[in-house]
Amino acid sequence: MKKQNGNDETKYRLADAVRECMKTTPVSEITVRQISEVSGITRQTFYRHFLDRDDLINWYFDRLLDESFRQMGSGDTIRDGLRKKFAFIRKEALFFTAAFQSDTQNNLKEHDYQMILAFYKNKIREKTGGDPEEEILDLLEMYCQASVFKTVQWVLGGMRKSERAMAEIMIDAMPQKLTILFTKLGFLQ
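Here the structure is a predicted model, which is why all the values come from computation and not from measurement.

## A closer look at the overall build of the chain
Point 1. Scanning the chain from terminus to terminus reveals ten helices and zero strands.
Point 2. Taken from N to C terminus, the helices and strands of the chain fall in the order α-α-α-α-α-α-α-α-α-α.
Point 3. Taking the intrachain contacts of the chain between residues at least 6 apart in sequence as the baseline, contacts between residues at least 24 apart amount to 67%.
Point 4. When the accessible surface of the chain is summed, it comes to about 10,000 Å², and 47% of that surface belongs to carbon and sulfur atoms.

## Quick look at the packing of aromatic side chains
Point 1. Enumeration according to the criterion identifies 13 aromatic pairs in this entry.
Point 2. Here Tyr-120 and Phe-182 contribute two aromatic rings whose centre-to-centre distance is 5.6 Å and whose plane-to-plane angle is 20 degrees, an arrangement assigned as stacked. With Tyr-120 in helix 7 (residues 108-128) and Phe-182 in helix 10 (residues 176-184), the pair connects residues that are 62 residues apart, well separated along the chain.
Point 3. Under the relative-accessibility criterion, Phe-182 is labelled buried at 0%.
Point 4. Clustering of aromatic rings is evident, with ring pairs tying together Tyr-12, Phe-46, Tyr-47, Phe-50 and Trp-59.

## Re the side chain of Glu-92
Point 1. Following the sequence through the fold, Glu-92 ends up in the loop between helix 5 (78-91) and helix 6 (93-100).
Point 2. Under the relative-accessibility criterion, Glu-92 is labelled buried at 10%.
Point 3. Residues contacting Glu-92, with those up to four places away along its chain left out, are Arg-19, Tyr-60 and Leu-64.

## Quick notes on helix 9 (residues 163-172)
Point 1. Here helix 9 has its buried residues at Glu-163, Met-166, Ala-167, Met-170 and Ile-171. Within helix 9, the buried residues cover an arc of 135 degrees as seen down the axis, which keeps them to one side. Residues of helix 9 that are exposed and point more than 90 degrees away from the buried face comprise Arg-164 and Asp-172.
Point 2. Those residues of helix 9 hidden inside the fold are in contact with helix 5 and helix 8 (134-156).

## Some details on the pattern of salt bridges
Point 1. Counted according to the given criterion, the structure contains nine salt bridges.
Point 2. Between Glu-20 and Lys-23 there is a salt bridge, with its nearest N and O atoms 3.1 Å apart.
Point 3. By relative accessible area, which is 41% here, Glu-20 ends up partly exposed.
Point 4. Between Arg-125 and Asp-131 there is a salt bridge, and its shortest N-O distance comes to 2.6 Å.
Point 5. On the basis of relative accessible area, Arg-125 is assigned to the partly exposed category, the value being 31%.
Point 6. On the basis of relative accessibility, which here comes to 56%, the residue Asp-131 falls in the exposed class.
Point 7. Three or more residues joined by partner-sharing salt bridges are found here, namely Arg-79, Asp-80, Arg-83 and Glu-168.

## Looking at helix 5
Point 1. Counted at 1.5 Å a residue, the expected span for helix 5 with its 14 residues is 20 Å, and the 20 Å between its end C-alpha atoms agrees.
Point 2. All of the buried residues in helix 5 are Ile-78, Arg-79, Gly-81, Leu-82, Lys-85, Phe-86, Phe-88 and Ile-89.

Rules behind the numbers
- Residue positions are given per chain, counted from 1 along the sequence in the order it is written.
- Only residues with pLDDT of at least 70 are given local features in this predicted model, and only at 80 or more are side-chain atom pairs given and counted; all residues enter the totals for whole chains, interfaces and linings.
- Side-chain metrics in this entry use all non-hydrogen atoms of the structure; hydrogen atoms and water are not considered.
- Each helix corresponds to a stretch of at least 4 residues labelled H or I by DSSP, and each strand to a stretch of at least 2 residues labelled E; elements are numbered beginning at the N terminus.
- Any two residues whose heavy atoms approach within 4.5 Å are treated as being in contact.
- Surface exposure here means Shrake-Rupley accessible area, sampled with a 1.4 Å probe, where a residue is shielded only by the protein chains that are shown.
- Between rings of Phe, Tyr and Trp, where Trp is taken as its six-membered ring, a pair exists when centres lie within 6.5 Å; planes separated by under 30 degrees are stacked, by over 60 edge-to-face, and by other angles tilted.
- Burial status follows relative accessibility: with a 1.4 Å probe on protein chains alone, a residue under 20% of its type maximum counts as buried, one over 50% as exposed, and anything between as partly exposed.
- This arc is taken over the directions from the axis of the helix to the C-beta atoms.
- Every case where a carboxyl oxygen of Asp or Glu lies within 4 Å of a side-chain nitrogen of Lys or Arg is listed as a salt bridge.
- How far a helix is expected to stretch is found by multiplying one less than its residue total by 1.5 Å.

Structure, rendered in structure tokens:
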């Protein structure tokens, strides 16, 4: 990950610390005190940057998702992008495995859903100049929920399927009206 300024450097040190903690401790049991001790950053400084452990995890997840979506956006199609996204998740397996196991209030699964939904809505908006119609939005919400569920299942199940197989599952699971729209907009080939 590219580190930019002093604020980001502190945040990345805290993220590195939480990743280190994830090697031995379930996410739900990691404390701010533990993160502070591992990072060498005071709790006061932690709280200047984050509300709590889950806020830190979600911030780091956003950085990972940004990279993942850059990978996804660098594909010619959704299929190519999904393959790249799953390859990236595999590369960050420790983080995703630990984080997806948490069901706390600010959990990563809900955050992932919100990010993916926004990604697809933005792609539609870029191509059409407007927000998706209500029926498309309903289908998109259901599809994104299912996508997160299947991704979490894949990660927690040991990522036995290939990135290619996961991308095909995601494409095959797409509701017909989304498939038609995405094909029309040039996202699917």
